[in-house]
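Take a look at the letters that make up each chain.
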Amino acid sequence: METLKETKTEQRQAVGLKMSGAEAIIHCLLAEGVDILYGYPGGAIMPVYDELYKFQDRLTHILTRHEQGATHAAQGYARVSGRVGVAMATSGPGATNLVTGLADAQIDSTPLVCITGQVPRHLLGSDAFQETDIIGISTPVTKWNYQITHANEIPEIMAKAFYIAKSGRPGPVLVDITKNAQFEEFEFSYKHCTGVRSYKASPKPEAGAIAAAAALINKAKKPFIVWGQGVILGKAEEELKALVEKAGIPAAWTIMGASALPTSHPLNVGMVGMHGNYGPNILTNECDVLIAIGMRFDDRVTGRLEDYAKQAKVIHFEIDPAEINKNVHADVAVLGNSKDTLGALLPMIKENKHEGWHNVFKEKYQIEYDTVIEKDIKPTKEGLTMGEVIEEINMATKNKAVIVTDVGQHQMIACRYARFEDSKSNITSGGLGTMGFALPAAIGAKMGAMDREVVAIIGDGGYQMTIQELGVIFQHQVPVKIVVLNNDHLGMVRQWQELFFDRRYASTVMVNPDFVKIAEGYHITSKRVSERKDLKAAVTEMISSDKPYFLEVKVEKEDNVFPMIPSGAAVSEIRLQ
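Okay, so let's go over this structure.

Cut-offs used in this document
- Residues numbered from 1 in each chain as written.
- Predicted model: local features only at pLDDT ≥ 70, side-chain atom pairs only at ≥ 80, totals over all residues.
- Heavy atoms only, no water.
- Helix = DSSP H or I, 4+ residues; strand = E, 2+ residues; numbered from the N terminus.
- Rg over C-alpha atoms; globule rule 2.2 N^0.38 Å.
- Buried < 20%, exposed > 50% of the residue type's maximum accessible area, 1.4 Å probe, protein only.
- Contact = heavy atoms within 4.5 Å.
- Areas by Shrake-Rupley, 256 points an atom, 1.4 Å probe, with all protein chains shown as cover.
- Lys, Arg positive; Asp, Glu negative; His and termini not counted.
- Charge placed at Lys NZ, Arg CZ, Asp CG, Glu CD.
- Salt bridge = Lys/Arg side-chain N within 4 Å of Asp/Glu carboxyl O.
- Pairing = 2+ DSSP bridges.
- Axes fitted to C-alpha atoms, helices over the stretch in contact; angles between N-to-C directions.
- Core = buried A, V, L, I, M, F, W, Y, C linked by side-chain atoms within 4.5 Å.
- Phe/Tyr/Trp six-rings, centres within 6.5 Å; stacked < 30°, edge-to-face > 60°.
- Polar contact = N/O pair within 3.5 Å; in protein donor to acceptor, adjacent residues only side chain to side chain.
- Expected span 1.5 Å × (residues − 1).
- Bend = angle between axes of the 7 residues up to and from the residue.
- Parallel < 35°, antiparallel > 145°, perpendicular 65-115°, else oblique.
- Left-handed = near helix turned anticlockwise from the far one by under 90°.
- Nonpolar A, V, L, I, M, F, W, Y, C, P; charged D, E, K, R; others polar.

## Some words on the overall build of the protein
The helix and strand inventory of the protein stands at 24 helices and 20 strands. In terms of C-alpha radius of gyration, the protein reaches 24 Å, essentially the compact-globule figure of 25 Å for 577 residues. Referenced to the eigenvectors of the C-alpha coordinate spread, the extents of the protein come out at roughly 70 × 60 × 45 Å. Every one of the 577 residues in the protein was classed for burial, and the buried ones make up 61%. Excluding contacts between residues fewer than 6 apart, the proportion of contacts in the protein whose partners are at least 24 apart in sequence is 77%. Here the protein has roughly 22,800 Å² of accessible surface; of this, 51% comes from carbon and sulfur atoms. Across the protein, the centroid of the 60 positively charged side chains sits 4 Å from that of the 69 negatively charged ones.

This is the structure:
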């Protein structure tokens, strides 16, 4: 609280003073309560970095080893803290290196403000050194972007950037600032943005739609809830729990929605989607009312659309009107923030149990447990499985850790078997599926929640895409725990090659370096495990450490992730083996 108070005092002193555009950027960040940002300096953004140097006691800058790492770190920070993540880069390649993170944040609704430097105004369009049209490039992958060419634009545009990034359905915003605007002086004044003309951040819930939704739910014999990240972004975890318990409705989650309802809750029936649980997928096509809350009916969730929940009445609770009827027709669409809409719905819902319906989910779970789960988490074969590693981490962290995953088989296994008791505990690249996400995102997540254990679960392929960010962990002694599940393959692609391409393993075998030696080169405590007898002790040692820790686990090379909905199949065609 003291830091925030000092920031506001500093801001009051700054109002009305004549200052450069570069200094104004810093005061805008302070006014928005920013305390940490990630970036990489260069010529076109150097004036801002020079001013940042003067404010080191108020703003912590983390020098990542690549601009993509800066965006992913800002994403991890935003996802676990609920605040806007901030990243900064120079022009040209510095700016273009942000694009993957912007695209990831856009599709996963993560609030980011990215600031890029740009060549001086008079050189725009001249193909000057390190000039690129980042506004044109980033337009498809940002919620909003803007190029500042005069210093006096800075306060209004920065205020608008933060408002747009965090309001309604969150997303990334990019502000590009020409170098002349960073040098120019003007009289500074800052006003927080509370609205933008023609931009309706959160639609007002309609009473008629809520009443219609309640009527369908109350009449349903086999209701089924599927919730997504909109519950977490809307801070509606308690409302979701109250609805589930009052109506006695089985509820499943998308990958991005994981942890909104504790894994241990008796009405939490698991994950939907391509590698989700057997019951929730099969029974999607047997429910009579499907209640979708804060999710967008992604293709990995729906499978073949023409066969998705055709027997059910669909109720869609959603903040973004563009998602309504985009993929799945909604019989009732309830627009608005999930906390508001579920809060208005709850008094209209009748108490119910649906015990017979819930027992069907239990029966399906038992089938999956006997066929798949037991082999994953309690294997009898000699080689280590990814599932048993996740189980050890669950036990060592008492289900309280923030789990950050990359993309691939390890991601699906971690999402299936990690157990969560607290919200904002599952940080992953859901929509874009960005390999290289986990290591920098875990750094940001830890900095956004220093009181929580943060464990990055990464495959040997994705790990090497951003392995240089070990330098950030070393420099700042960020106490993240890194677990690389090493099967010497690009595992998910290899699985598809095995199942659908007659075992033609084209370019999926990895010849890996010595990961332990690399981590030791960054002075990070490291260990390698290849036998079951050593796993528990190694995980316990890692979690017990108050410093950064790297653990490589050599797992089965040809382990597949099941259940699986083959590409182009219906959810009811899910395969157990």
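## Here we look at the pattern of salt bridges
In the structure shown here, the tally under the stated rule is 29 salt bridges. The shortest N-O distance in the salt bridge between Arg494 and Glu498 comes to 2.8 Å. Note that Arg494 and Glu498 are positioned in helix α22 (residues 491-500) at a spacing of 4 residues, about one turn of the helix. Judged by its relative accessible area of 17%, Glu498 falls in the buried class. Its salt-bridge partner being Arg528, residue Asp514 comes within 2.7 Å of it at the nearest N-O pair.

## What about the pairing of strand β15 (residues 402-405)?
Neither face of β15 is left uncovered, since the one carrying Val402 and Val404 and the one carrying Ile403 and Thr405 both have all their residues buried. Alignment of β15 against strand β17 (residues 454-459), held across 4 bridges, turns out to be parallel. When the sheet's bridge partners are listed, Val402 is paired in β17 with Val454. Strand direction decides the pairing type here: β15 and strand β16 (residues 426-427), joined by 2 bridges, are parallel.

## Thoughts on the sheet that holds strand β5 (residues 112-118)
Two modes of strand pairing occur in sheets, parallel and antiparallel, and in both the strands are linked by backbone hydrogen bonds. With parallel pairing, the 6 strands of this open sheet are ordered in space as β3-β2-β4-β5-β7-β6. The open sheet terminates on both sides in strands that have one partner only, identified here as β3 (60-63) and β6 (144-148). Geometrically, the sheet is characterised by an average inter-axis angle of 20° between neighbouring strands, direction not taken into account. Where strand β4 (residues 85-89) and β5 come together, 5 bridges link them in parallel fashion. Paired with Met88 across the strands is Ile115, a residue of β5. Taken strand by strand, helix α4 (residues 67-81) contacts β2 (36-39), β4 and β5, and its axis lies near 170° from that of β4.

## Structural notes on the nonpolar core
Counting 97 residues, the largest nonpolar core has Ile225, Trp227, Leu240, Leu290, Ile293 and Leu345 as the members making the most contacts within it. Here this core gets 6 residues from one element, more than from any other, and that element is helix α16 (residues 355-377). What Leu290 contacts, discounting residues up to four positions off in sequence, is Phe224, Val226, Phe297, Tyr308, Ala309, Ala312, Lys313, Val314 and Ile315. Formed by 51 residues, the second largest nonpolar core is a distinct cluster that contains Ala87, Leu98, Val472 and Phe515.

## A few points about the sheet that holds strand β12 (residues 289-293)
Strand order in the open sheet made by the 6 strands is β11-β10-β9-β12-β13-β14, with parallel pairing throughout. The open sheet has two edge strands with one neighbour each: β11 (268-271) and β14 (332-335). Put simply, the sheet's adjacent strands are angled 20° from each other on average, direction ignored. Judged from the 5 bridges that link them, strand β9 (residues 223-227) and β12 form a sheet pairing that is parallel. Of the residues in β12, the one forming a bridge with Pro223 is Val289. Its contacts with the sheet put helix α15 (residues 338-345) on β12, β13 (313-318) and β14, and the angle it makes with β13 is roughly 130°.

## As for the environment of Val141
Looking at the secondary structure, you find Val141 in the loop between α7 (134-138) and β6. Val141 sits 92 residues away from Leu233 along the chain, and the two C-alpha atoms are 19 Å apart. Setting aside its immediate chain neighbours within four residues, Val141 contacts Val99, Leu102, Ala103, Gln106 and Pro172.

## Thoughts on the packing of aromatic side chains
The final tally for this structure, using the stated rule, is 11 aromatic pairs. Aromatic side chains Trp357 and Phe361 sit 5.0 Å apart centroid to centroid with 80° between the ring planes, which places their arrangement in the edge-to-face category. Remark: Phe361 and Trp357 occur in helix α16; sequence separation between them is 4 residues, near one turn of the helix. No difference in accessibility class separates Trp357 from Phe361, as the two residues are buried.

## Re the environment of His489
Here His489 shows up in the loop between β18 (481-486) and α22. Counting along the chain gives 421 residues from His489 to Gln68, while the straight-line C-alpha distance between them is 24 Å. For His489, the contacting residues outside a window of four places in its chain are Asp460, Arg494, Thr508, Val509, Met510 and Lys557. In terms of polar contacts, His489 uses its side chain to reach the backbone carbonyl oxygen of Asn487, at 3.0 Å.

## Some thoughts on α16
End to end, α16 covers just 28 Å across 23 residues, shorter than the expected 33 Å (1.5 Å per residue, more than 12% under). Remark: the principal bend of α16, roughly 55°, maps to Tyr369. Of all the positions in α16, only Trp357, His358, Phe361, Lys364, Glu368, Tyr369, Val372, Ile373, Asp376 and Ile377 are classed as buried. Along its buried surface, α16 packs onto β9, β11, α13 (278-284), α17 (386-397) and α18 (409-417).

## A look at the side chain of Asn426
Mapped onto the elements, Asn426 comes out in strand β16. Polar side-chain contacts of Asn426 include one of 3.0 Å to the backbone oxygen of Ile255. Apart from the residues within four sequence positions on either side, Asn426 is in contact with Arg79, Ile255, Ala258, Ser259, Ile403, Cys415 and Phe420.

## As for the packing of helix α12 (residues 237-247) against α15
Relative to each other, α12 and α15 sit at 30°, their axes nearing to 9 Å. Overall, the two elements α12 and α15 adopt an arrangement that is roughly parallel. Once α12 is placed against α15, the crossing between them reads as left-handed. Contacts from Glu239, Leu240 and Leu243 of α12 reach α15 at Lys339, Leu342, Gly343 and Leu345. Residues that form the contact of α12 with α15 fall into these classes: 4 nonpolar, 1 polar and 2 charged.

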